[in-house]
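The lines below spell out each chain.
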Protein chains: 2
Amino acid sequence: SLARIKASGLKLQLCTNETQATRESFVRKLRALGFDISVSQVTAPAPAACHLLRERGLRPHLLVHHDLVPEFAEIDKTNPNCVVLGDAAENFTYANLNEAFRLLIGMEKPVLISLGKGRYYKETDGLKLDVGAYMKALEYACDIQAEVVGKPSKRFFESALAELGVPPEQAIMIGDDIVNDVGGAQQCGMRALQVRTGKFRPSDENHPEVKPDAYVNNLAEAVDIILQEM
Amino acid sequence: SLARIKASGLKLQLCTNETQATRESFVRKLRALGFDISVSQVTAPAPAACHLLRERGLRPHLLVHHDLVPEFAEIDKTNPNCVVLGDAAENFTYANLNEAFRLLIGMEKPVLISLGKGRYYKETDGLKLDVGAYMKALEYACDIQAEVVGKPSKRFFESALAELGVPPEQAIMIGDDIVNDVGGAQQCGMRALQVRTGKFRPSDENHPEVKPDAYVNNLAEAVDIILQEM
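Conventions and cut-offs
Residues numbered from 1 in each chain as written. Chains lettered and ligands numbered in written order. Predicted model: local features only at pLDDT ≥ 70, side-chain atom pairs only at ≥ 80, totals over all residues. Heavy atoms only, no water. UniProt positions renumbered as here; feature names shortened; annotations may be inferred. Helix = DSSP H or I, 4+ residues; strand = E, 2+ residues; numbered from the N terminus. Rg over C-alpha atoms; globule rule 2.2 N^0.38 Å. Buried < 20%, exposed > 50% of the residue type's maximum accessible area, 1.4 Å probe, protein only. Contact = heavy atoms within 4.5 Å. Areas by Shrake-Rupley, 256 points an atom, 1.4 Å probe, with all protein chains shown as cover. Least-squares fit on C-alpha atoms with pLDDT ≥ 70 in both. Buried area = accessible area lost by both parts, 1.4 Å probe. Polar contact = N/O pair within 3.5 Å; in protein donor to acceptor, adjacent residues only side chain to side chain. Pairing = 2+ DSSP bridges. Axes fitted to C-alpha atoms, helices over the stretch in contact; angles between N-to-C directions. Domains from an automatic or database assignment. Core = buried A, V, L, I, M, F, W, Y, C linked by side-chain atoms within 4.5 Å. pLDDT = per-residue confidence, 0-100. Right-handed = clockwise from strand over helix to strand, strands pointing away. Salt bridge = Lys/Arg side-chain N within 4 Å of Asp/Glu carboxyl O. Phe/Tyr/Trp six-rings, centres within 6.5 Å; stacked < 30°, edge-to-face > 60°.

Under an unreviewed UniProt entry, the name given to chain A is Phospholysine phosphohistidine inorganic pyrophosphate phosphatase, and the source organism is Melospiza melodia. We quote the UniProt Cofactor (unreviewed entry) comment for chain A here in full: "Mg(2+)".

Here it is, written out as structure tokens:
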């Protein structure tokens, strides 16, 4: 399906909330599976966070997955004035959570930047709490609201569109997550298709807030429809 | 001050949100400091939780401090159908949090009982996230509301009153925490004094929701006023 999009002349950008690895390693995995994708074709929360940090002169304390740290290599992390929270997995220790909390509560105006707000996800050894749960813990303890830079934030989709160089009304989002993919893209002015694969659940078709522009059974069908309508 | 209350013939009950130790060890500490207090004079979240567990036939999975476990010795913990959350401190590991989460999300109707909802507290080595932060994490991940059994819950003060054998209008709460002590007791129909010691902050005197029946500079002054008014 991706090859057919490429052959058609349409532009393609992958939007992922992956925060357990750098884009480089994400792309390496996809290329090993036979997908012809480059790093610039991937929009991910960590680079979006770096953009925001630079823009506002923020120096982060990182509570993220060990494998994500290289994404922040160019960022000044001395004397931190904000906390960046990702899916830190094994790094979510009692000591590390207290450390992030102490930094935040010690700031005159605590700034917490979260690379997503997922509730949980599944791995081969079972369900795991996602970054959103830890974000809520810190939000409550400090009585603050985090700034979320991953999907479904508007900023995230805007940066994907900027990379493509197209306005929202000329872009279509295809995703399996009714809130993060479909809802987020629509909030940004794009149309959005929901695939009935992956995270899709039948109850999504009665979602109280989000209505996709169309449902498709899978990615191949989405590409069929888009190419037909060109 | 406690001795003067005792000598006056008034009844006394200590209401604590302590969940890092049993009442026995809590009382042992107080007695070592010279306070003439017995275990039945202490109302604490863990026994309140045990009462609720028995009442509803619930079998808990415990995510609590190691030293609190004996409070649950008499409770059936096989094949858990709820999670009891306390200030687990070093037991708040990534693995333990995921385990509690998996149990909850696997229940048809997840039941989370929290022994408090404090945001943070101070220890000699610095500030620590309190049970409320972890409660929020699990609430968000499972999309549920925890049942809080410590202060300021009405149930907690009712069980203290039951122990005293007096109706709320004949009881006075003295505490340093504007929301958990003063607000909770008032919700239960008691009068409440706030002492200007411990957790007290000058901003408490402009609290948007809770107005104590009176402020006193310290516990001795509270006892003076109560004995004068008898």
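**Student:** Looking at this model, I keep getting lost on the overall build of chain A. Mind explaining?
**Tutor:** Looking only at helices and strands, one finds eight helices and 11 strands in chain A. For 230 residues, the compact-globule formula gives about 17 Å, and the C-alpha radius of gyration of chain A, at 18 Å, lands near that figure. In terms of its C-alpha atoms, chain A occupies a principal-axis envelope of roughly 55 × 35 × 35 Å. Expressed as a percentage of its 230 residues, the buried residues of chain A come to 49%. Of all intrachain contacts in chain A linking residues separated by at least 6 positions in sequence, the fraction that spans at least 24 positions is 56%. Working note: accessible area of chain A is about 11400 Å², and carbon and sulfur atoms make up 50% of it.

**Student:** Would you explain the relation of the copies chain A and chain B in this entry?
**Tutor:** Superposition of the two copies of the chain requires a rotation about an axis together with a shift along that axis. The transformation that overlays chain A on chain B combines an axial shift of 0.0 Å with a rotation of 180°, and the residual RMSD is 0.0 Å. Both copies of the chain, as the preceding transformation shows, are related through a two-fold rotation axis. Interface overlap between copies: 100% of the residues of chain A at the interface are likewise at the interface in chain B, consistent with a symmetric, same-surface contact.

**Student:** Is there a simple way to think about the interface of chain A and chain B in this case?
**Tutor:** By a widely used convention, the size of an interface equals the accessible area lost when the partners come together. At the junction of the two partners, chain A supplies 28 residues and chain B supplies 28 residues. Summing the contributions of chain A and of chain B, the shared interface buries around 2700 Å²; its carbon and sulfur component is 64%. For chain A, the biggest contributors to the area lost against chain B are Tyr94, Leu129 and Tyr140 of chain A; these three give 32% of the whole. On inspection of chain A and its partner chain B, the count reaches eight residue pairs in polar contact (both at pLDDT 80 or more). Taken together, the elements giving at least two residues each to the side of chain A that touches chain B come down to α4 (94–105), β6 (120–123), β7 (126–129) and α5 (131–142) of chain A.

**Student:** Mind showing me how you'd approach the sheet that holds strand β3 (residues 60–63) of chain A here?
**Tutor:** Within a beta sheet, neighbouring strands are joined by backbone hydrogen bonds and run either parallel or antiparallel to one another. Residues and elements named next belong to chain A. Pairing is parallel in the open sheet, where four strands are placed in the order β3-β4-β5-β8. Only two strands of the sheet have a single partner each, and these edge strands are β3 and β8 (147–148). Of the pairings in the sheet, the one linking β3 to strand β4 (residues 82–85) comprises four bridges and is parallel in character. Within the sheet, the bridge partner assigned to Pro60 lies in β4 and is Cys82. Where α4 meets the sheet, its contacts fall on β3, β4 and β5 (112–114), and the angle it forms with β3 comes to roughly 155°.

**Student:** Help me understand the domain arrangement of chain A, please; the structure alone is not making it clear to me.
**Tutor:** On domain assignment, one finds that chain A holds domain 1 (1–17 + 165–229) and domain 2 (45–148). Each of domain 1 of chain A and domain 2 of chain A has a C-alpha centre, and the two are 28 Å apart.

**Student:** In this structure, what is going on with the nonpolar core? I would like to understand it.
**Tutor:** Soluble globular proteins: nonpolar side chains tend toward being buried together. Leu85 of chain A together with Leu85 of chain B are the most contacted members of the largest nonpolar core, which has 52 residues in total. Setting aside its immediate chain neighbours within four residues, Leu85 of chain B contacts Leu63, Val64, Phe92, Leu112, Ile113, Ser114, Leu115, Val131, Tyr134, Met135 and Leu138 of chain B.

**Student:** I'm lost on unusual backbone geometry in this one. Help?
**Tutor:** A negative phi angle is the norm for most residues apart from glycine, just as the trans form is the norm for most peptide bonds. Note the cis peptide between Lys151 of chain A and Pro152 of chain A, where omega equals 5°. Following the sequence through the fold, Pro152 of chain A ends up in the loop between β8 and α6 (154–164). The phi dihedral of Asn79 of chain A falls on the positive side, at around 45°, and the residue is not glycine. A positive phi angle, near 55°, is found at Asp143 of chain B, a position not held by glycine. Tracing the chain through its elements places Asp143 of chain B in the loop between α5 (131–142) and β8 (147–148).

**Student:** Would you take a moment to explain the confidence of the model for chain A for this structure?
**Tutor:** Reading predicted coordinates in detail is not appropriate for stretches of low pLDDT. With 100% of its residues at a pLDDT of at least 70, chain A reaches an overall mean of 95. The ipTM for the predicted assembly is 0.88, set against a pTM of 0.88.

**Student:** What am I meant to see in helix α7 (residues 178–187) of chain A here?
**Tutor:** Because an α-helix completes one turn every 3.6 residues, residues spaced three or four positions apart along the sequence face the same direction. Residue and element names in this part refer to chain A. Of all 10 residues in α7, seven are buried; the element is thus mostly enclosed. Buried within α7 we find Ile178, Asn180, Asp181, Val182, Gly183, Gly184 and Ala185. Where the residues of α7 are buried, they touch α6, β9 (172–175) and β10 (191–195). With a side-chain oxygen lying 3.0 Å from the backbone nitrogen of Val179, the N-terminal cap of α7 falls on Asp177.

**Student:** Explain the pairing of strand β9 (residues 172–175) of chain B to me, please; I cannot follow it from the model alone.
**Tutor:** Residue and element names in this part refer to chain B. Because side chains alternate across β9, one face comprises the buried residues Met173 and Gly175, and the other comprises Ile172 and Ile174, none of which is buried. One ladder, built from four bridges, connects β9 with strand β10 (residues 191–195); its direction is parallel. Note that in β10 the partner of Gly175 across the bridge is Gln194. A crossover connection joins β9 to the parallel β10 through helix α7 (residues 178–187); in handedness this β-α-β unit is right-handed.

**Student:** Would you explain the pattern of salt bridges in this entry?
**Tutor:** It is possible for side chains bearing opposite charge to pair when their charged atoms get close. All names here are of chain A. Using the criterion set out here, one finds 22 salt bridges over all chains in the structure. As a salt-bridge pair, Asp177 and Lys199 come within 3.1 Å of each other at their nearest N and O atoms. Linking Asp177 in the loop between β9 and α7 with Lys199 in the loop between β10 and β11 (214–216), this pair joins segments that are 22 residues apart in sequence. Counted as one network, the salt bridges with shared partners bring together Lys6, Arg31 and Asp36.

**Student:** I'm lost on the packing of aromatic side chains in this one. Help?
**Tutor:** Aromatic ring pairs are defined here through the distance separating the ring centres and the angle between the ring planes. Evaluation of the coordinates by the stated rule reveals eight aromatic pairs over all chains. Consider the rings of Phe92 of chain A and Tyr94 of chain B, whose centres lie 6.4 Å apart with planes at 40°: the pair is tilted. Of this pair, Phe92 of chain A sits in the loop between β4 and α4 while Tyr94 of chain B sits in helix α4 (residues 94–105), placing the two residues on different chains. Each of the two residues, Phe92 of chain A as well as Tyr94 of chain B, counts as buried. Here the aromatic cluster, defined as three or more aromatic residues joined through ring pairs, consists of Phe92 and Tyr134 of chain A together with Tyr94 of chain B.

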